[in-house]
Amino acid sequence: MKNIFKSFLIFIFLLTIPSLAADKLTKPWIGIQIGELTRDLAINYDYYPDMSGAFVHYVFPAGPAYSAGIKSGDIIISIDGVQISSPKELASFIGKIKYKKSVKFTVFRNGSQKNINVTVINNPYSSSSSSKYGNGQEKPWFGISLKNINKEMSDIWDFPVSTGVLVVNVYEDSAAYKAGIVTGDIIVEVNGNIIKTYEELLAMVTPLKPGKTIKLGIWHNKKKVIKEVIF
């Protein structure tokens, strides 16, 4: 009987190992772009005089936060009951999550608090196809990591276009950062010329000399905008 019981425990243990491995996170992600809660934002969103929290600027289409119901303009004030006073604290909390799990976000929206359960997953865009264009450096010289999108990706993530260049990451103090480009933007034009791949984008911007300004056509929050980048 003891041998049967031991065999049963071993069987359960072996079943658990693949499950844990599959759910292990290397780059925890929920799909939001956050920033400091400034005094003006707190006033505009009826949160002032409280200034503690992280402001949600952008919610990645069809990401975990989007699917759960978090919206641009929400102010995240706690996660699983832990007070969040800044974007840095929020990023640190999420970054420490080792396995796929659901966490409870408490957000301030329209004058009241709301609890939203969000599943933390691995960042599907953590490996960028643009790393080889970094001129021997980890960060691309114009400050963004890129990934081509296609129709399949567009359908999954509900993008407004089926071709273009997805901004996977924006490096602080770069030309792109200063121009207001954010993670999740989709670049589709350079100076009025349509581009479909990062190869086409880089072919146009790589020869540029310092101080040159270009206009990028970008889909941001499902709206087409033009942003000027000074290289």
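Everything numeric in this text was worked out from a predicted model, so none of it was measured.

Asks: Explain the overall build of the protein chain to me, using residue names and the numbers behind them.
Replies: Helix and strand content of the protein chain: seven helices and 13 strands. Sorting the 231 residues of the protein chain into buried and exposed places 41% on the buried side. Taking the contacts inside the protein chain whose residues are at least 6 apart along the sequence as the reference set, 54% of them involve residues at least 24 apart. As displayed, the protein chain has an accessible area near 13200 Å², and 54% of this comes from carbon and sulfur atoms.

Asks: So what's going on with the packing of aromatic side chains? Residues and values would help.
Replies: In total, this model carries two aromatic pairs according to the counting rule given. Judged by centre distance (5.0 Å) and plane angle (65 degrees), the rings of Tyr45 and Phe55 are edge-to-face. Placement of the pair is Tyr45 in the loop between α2 (39-44) and β3 (54-59) and Phe55 in strand β3, with a sequence separation of ten residues. Residue class for Tyr45 comes out partly exposed when judged on its relative accessible area of 35%. An angle of 55 degrees between the planes, with centres 4.7 Å apart, marks the rings of Tyr47 and Phe108 as tilted. One end of the pair, Tyr47, is in the loop between α2 and β3; the other, Phe108, is in strand β6 (residues 101-109), and 61 residues separate them in sequence. A single burial state applies to Tyr47 and to Phe108, both of which are buried.

The rules behind each value
- In this numbering scheme, every chain counts its residues from 1 along its sequence in written order.
- In keeping with the model being predicted, local features are shown solely for residues with a pLDDT of at least 70 and side-chain atom pairs are shown and tallied solely at 80 or more, while totals for entire chains, interfaces and linings include all residues.
- Where side-chain values are given, they derive from all heavy atoms of the structure, hydrogens and water being excluded.
- To qualify as a helix, a DSSP run of H or I must reach at least 4 residues; to qualify as a strand, a run of E must reach at least 2; elements of each kind are numbered from the N terminus.
- Summary of the burial criterion: residues with accessible area below 20% of their type's maximum are buried, those above 50% are exposed, and those between are partly exposed, where the area comes from a 1.4 Å probe applied to protein chains only.
- What makes two residues a contact is simply this: any of their non-hydrogen atoms within 4.5 Å.
- Note that accessible areas follow from Shrake-Rupley with a 1.4 Å probe, and for residues the cover is restricted to the protein chains shown.
- Here a pair means two rings of Phe, Tyr or Trp (six-membered ring of Trp) with centres within 6.5 Å. Their orientation is stacked below 30 degrees between planes, edge-to-face above 60, and tilted elsewhere.

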